[in-house]
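The residues making up each chain are set out below.
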Amino acid sequence: MSKVGFGIIGCGVIAPIHADALSRIPDAKLVAVSDVVEKNVNAMAEKYGAVPYTDMHEMLKRDDVHAVSLCVPSGMRLEMAEACAAAGKHIIAEKPLEVNCERIDKLIAAVDKAGVRLASIFQYRYADGPMHIRRALDEGRFGKLVLGDAYIKWFRSQEYYDSGKWRGTKKLDGGGALMNQGIHQIDMLLWFMGNAKSVTAQTALVGHTGIEVEDLAVAMIQFESGAMGVIEGSTAIWPGHPARVEVHGTNGSAVIEDGELAMWKFQEERSEDESILKSLDKGETLGSGASDPIKSLKSEGHRRQLADFVESLIANRPAKIDGREGRKAVELIEAIYRSAETGKTVTL
Ligand SMILES: NC(=O)c1ccc[n+]([C@@H]2O[C@H](COP(=O)([O-])OP(=O)(O)OC[C@H]3O[C@@H](n4cnc5c(N)ncnc54)[C@H](O)[C@@H]3O)[C@@H](O)[C@H]2O)c1
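Residues numbered from 1 in each chain as written. Predicted model: local features only at pLDDT ≥ 70, side-chain atom pairs only at ≥ 80, totals over all residues. Heavy atoms only, no water.

(A) Expanded view of the pairing of strand 10 (residues 228-234). Two strands pair when backbone bridges link them, and strand 7 (residues 145-153) and strand 10 are joined in this way by five bridges, in the parallel orientation. Counterpart to Tyr151 in the pairing with strand 10 is Glu232. Pairing analysis gives seven bridges linking strand 9 (residues 216-223) to strand 10, with the strands arranged antiparallel. In the sheet register, Leu216 faces strand 10, and the bridge partner there is Ser234. The loop that links strand 9 with its antiparallel partner strand 10 comprises four residues; one of these, Gly226, has a positive phi angle of about 100°. (Pairing = 2+ DSSP bridges. Helix = DSSP H or I, 4+ residues; strand = E, 2+ residues; numbered from the N terminus.)

Right, here's the structure in full:
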């Protein structure tokens, strides 16, 4: 495979970010787009020079579509992924991979059975800051990990939830402030801190009406490593603040704000720290979802992840964030919901 042909299913808010990203990847080409709403699919097709389909199954018959971006509401991905996999297409799925682990496991099984590749979008992992932290963790620079926290104090208007029937529903959104919004930072937290062992949590709906999911959640996490941490997530906090992920160890601390480094301090300094610190103000930010799902979101994170996916397909190796990796954040969020419902600590 020299150039990877893409189809996008679901031409709503996030789809143009995928199309923009693909247009900046030399080894990729957006071939076709699909949506059940004719005006959505036609607008995307015209803007990006792709062939429009209102029936995704027709699009999947094309030999020049090798991979599909699934940009539909979260709880629709299982059945679509099954159809894509059966048609021999590789899949890159928006977050969350699906709305619960039961559906994710079926999705992974379908992909494995068909022998196609699967990637789960978590574009903030591809920002420079988180990659510096991951490298420093691999080199043991933090010492023993003590605390790891994620704070997602965001704002979504009532109009946002009212803008799509699927938003704020258990069946198609899977959850609220954590499953839809905070999942990026929760994924990053697990990537840094390792697996969680148990969780004690509370959730509430405080700032919106007519939705089935939480807009406020607080969780206390015990990691397998012995470290602890908290997750605070909300979509009811005006005006919305930069999302933070903090990693603290016996020898160092680092903080990510909206994907970029906001703090980088180690007991044992290294020459490279100076250039990393200099980049603190200038890092290419991936944008923030603090007050709006998309207005300030840039396609650079998606470009990096899609480029990595394209490279993995050409090299015939698994994607860096494959299905099993994408599942981890959903598993923890489900455990948080179970703890909030039962009032008990949940072991993962
Ligand atoms: N990575 C990120 O930062 C990010 C940001 C926003 C949204 N998302 C994710 O992207 C997904 C989509 O969110 P959105 O905000 O774009 O939603 P949206 O409602 O704006 O768009 C969804 C689109 O899917 C289409 N659709 C519905 N059923 C379909 C079907 N059977 N076949 C084809 N198309 C169908 C709808 O007509 C709509 O155009 C969600 O899972 C969300 O979590 C990710």
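(B) Expanded view of the pairing of strand 5 (residues 90-93). On strand 5, burial covers both faces: His90 and Ile92 on one face and Ile91 and Ala93 on the other are all buried. When strand 4 (residues 67-70) meets strand 5, the two strands line up parallel, connected through four bridges. Across the sheet, Ala67 pairs through a bridge with His90, a residue of strand 5. Viewed along the sheet, the connection from strand 4 through helix 4 (residues 77-86) into strand 5 turns out right-handed. The pairing of strand 5 with strand 6 (residues 118-120) spans three bridges and is classified as parallel. Across the sheet, Ile91 pairs through a bridge with Leu118, a residue of strand 6. Following the backbone out of strand 5, through helix 5 (residues 101-114) and into the adjacent parallel strand 6, one traces a crossover that is right-handed. (Buried < 20%, exposed > 50% of the residue type's maximum accessible area, 1.4 Å probe, protein only. Right-handed = clockwise from strand over helix to strand, strands pointing away.)

(C) Main features of the site of the ligand. Around the ligand, the surrounding shell holds 26 residues, and the nearest of these are Asp35, Asn40, Ser74, Arg77 and Lys95. Ile14 places a main-chain nitrogen or oxygen 2.9 Å from an oxygen atom of the ligand. Within the backbone of Val72, an N or O atom sits 3.5 Å from an oxygen atom of the ligand. Protein contacts shield 87% of the accessible area of the ligand, which totals 850 Å² for the unbound molecule. (Near = heavy atom within 4 Å. Polar contact = N/O pair within 3.5 Å; in protein donor to acceptor, adjacent residues only side chain to side chain. Areas by Shrake-Rupley, 256 points an atom, 1.4 Å probe, with all protein chains shown as cover.)

(D) Broad picture of the domain arrangement of the protein chain. Domain annotation of the protein chain identifies domain 1 (4-122 + 300-322) and domain 2 (124-294 + 329-347). Taken together, the contact pairs 22 residues of domain 1 with 25 residues of domain 2. Close ionic contact of Asp128 with Arg304 constitutes a salt bridge, the shortest N to O distance being 3.0 Å. The tally of links between domain 1 and domain 2 comes to nine residue pairs in polar contact (both at pLDDT 80 or more). Listed by contribution, the elements that provide at least two residues to the side of domain 1 that touches domain 2 are helix 5 and helix 10 (300-315). Per-element accounting of the side of domain 1 that touches domain 2 gives the leading share, five residues, to helix 10. Its residues assigned to classes, the side of domain 1 that touches domain 2 shows eleven nonpolar, five polar and six charged. (Domains from an automatic or database assignment. Contact = heavy atoms within 4.5 Å. Salt bridge = Lys/Arg side-chain N within 4 Å of Asp/Glu carboxyl O. Nonpolar A, V, L, I, M, F, W, Y, C, P; charged D, E, K, R; others polar.)

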